[in-house]
Amino acid sequence: MKRIAVMSAMALSVGMMGCATQAGGIGGEDASTYMTKSFKEVIATSFQAKGSAGLDRLVQTEAQHECSKYDYLGKPIPKDIAARIEKDHYSKVVYPADGKYFGDWKAGMKIAESGKGMTWNDKPGTPNGGNCINCHAMLPNNPSQGNLGPSLVGYGKTRGNSEQIVKYTWARIYDSTSFNACSQMPPLGASHALTPQQMKDVMAFLFDPQSPVNK
Ligand code: HEC
């Protein structure tokens, strides 16, 4: 995995969800050479469930499994497998029930800057952060932002706010695997890491002309 500039507790837990190169998966099958029996035993005996951090996090999704497998083999994932995974994920994107895509950009900025949540000692029900700036530059002239993902500085200003771009951005945040089977961006909506309202706030942070992203 590439280096992330700013590390936080959530980066680690989200990394478990998002990293295709994360080896493991208690429930995974031995379809690829890296998932040997002894390897699976090491994984199974090395982790304990604690708080909200259950062992289900060690079970890879199909996308993670396929992407890890081909990464291990040093080959690109076959186009037909990638396309099938992307289509499947895209078909499950849930758009806002009220048709409104934008909340409060100030709340969205806090969510984008926070890497908190989903660790074993977080109280269940406490809102999570989105951890966006751990991977993306979003604020102009701020050196403490990650570069694993592309810069989103000026996002709304440069992309506009057509229905197409708004829905694309929502789907991207909801489940990035819909566009790239081996995306390293965690599925923030599909995993319920962010609530629909939090996603709307983050959308406003990206698109609102008053947001520092577009200044
Ligand atoms: C673990 C790293 C990571 C985190 C956390 C993350 N992203 Fe991403 N994001 C990426 C990567 C990598 C891409 C590049 C595309 C891909 O993977 O297919 C991306 C792509 C995107 C894109 C598409 C950019 C384009 O040019 O079309 C948007 C929009 C986006 N991310 C927004 C967000 C927002 C908003 C958050 C927080 C709620 C977030 N990301 C959190 C890694 C991350």
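Residues numbered from 1 in each chain as written. Predicted model: local features only at pLDDT ≥ 70, side-chain atom pairs only at ≥ 80, totals over all residues. Heavy atoms only, no water.

**Q** For this particular structure, what's the right way to read the coordination of the iron atom of the ligand?
**A** Ideal geometry at a metal centre gives angles of 109.5 degrees when four donors are arranged tetrahedrally and 90 or 180 degrees when six donors are arranged octahedrally. With distances of 2.0 to 2.2 Å, the protein atoms coordinating the iron atom of the ligand are His136 (NE2) and Met185 (SD). Considering all six donor atoms around the iron atom of the ligand, angles at the metal cover 85 to 178 degrees and the coordination shape is octahedral. With histidine 136 in the loop between α6 (132-135) and α7 (155-159) and methionine 185 in the loop between α8 (163-174) and α9 (196-207), this residue pair connects regions lying 49 residues apart in the sequence. With a relative accessible area of 21%, methionine 185 lands in the partly exposed category. (Donors = N, O, S within 2.8 Å, 3.2 Å for Na, K, Ca; no water. Tetrahedral: all angles 85-135°; square planar, octahedral: opposite > 155°, others 65-115°. Helix = DSSP H or I, 4+ residues; strand = E, 2+ residues; numbered from the N terminus. Buried < 20%, exposed > 50% of the residue type's maximum accessible area, 1.4 Å probe, protein only.)

**Q** How do you make sense of the side chain of histidine 136 when you look at a structure like this?
**A** Relative accessible area serves as the criterion here: at 11%, histidine 136 is assigned to the buried category. Beyond its immediate stretch of four places on either side in the chain, histidine 136 contacts Gln145, Gly146, Gly149, Pro150, Leu152 and Met185. (Contact = heavy atoms within 4.5 Å.)

**Q** What is the right way to look at helix α3 (residues 62-73) in this model?
**A** Side chains three or four residues apart in an α-helix point the same way, a direct result of the helix having 3.6 residues per turn. An ideal rise of 1.5 Å per residue puts 16 Å on twelve residues; α3 measures up with 17 Å between its terminal C-alpha atoms. Along α3, the residues that are buried comprise Ala63, Gln64, His65, Glu66, Cys67, Ser68, Lys69 and Tyr70. Where α3 terminates, the next one or two residues include glycine 74, which has phi positive at roughly 70 degrees. (Expected span 1.5 Å × (residues − 1).)

**Q** I'm lost on the pattern of salt bridges in this one. Help?
**A** A side chain with one charge can pair with a side chain of the opposite charge if their charged atoms come near. Tallied over the entire structure, the rule returns five salt bridges. Residue lysine 69 pairs with glutamate 66 through a salt bridge whose shortest N-O separation is 3.4 Å. A residue pair is termed a helical-turn pair when its members lie 3 or 4 positions apart in one helix, as lysine 69 and glutamate 66 do in helix α3 at three residues. Exposure remark for lysine 69: the relative accessible area of 14% places this residue in the buried category. Overall, glutamate 66 belongs to the buried group, its relative accessible area being 11%. Residue aspartate 88 pairs with lysine 92 through a salt bridge whose shortest N-O separation is 2.9 Å. (Salt bridge = Lys/Arg side-chain N within 4 Å of Asp/Glu carboxyl O.)

**Q** So what exactly am I meant to see when it comes to the state of the cysteines here?
**A** Note on terminology: a disulfide is the covalent bond linking the sulfur atoms of two cysteines. In total, this model carries one disulfide according to the counting rule given. Shown here is the disulfide that connects cysteine 67 with cysteine 182, its sulfur atoms set 2.0 Å apart. In this structure the cystine formed by cysteine 67 and cysteine 182 twists about its S-S bond by roughly -90 degrees; its chirality is therefore left-handed. With a gap of 115 residues between them, cysteine 67 in helix α3 and cysteine 182 in the loop between α8 and α9 connect regions that are remote in the sequence. (Disulfide = S-S within 2.5 Å.)

Bear in mind that shape data such as this cannot, by itself, settle questions of function.
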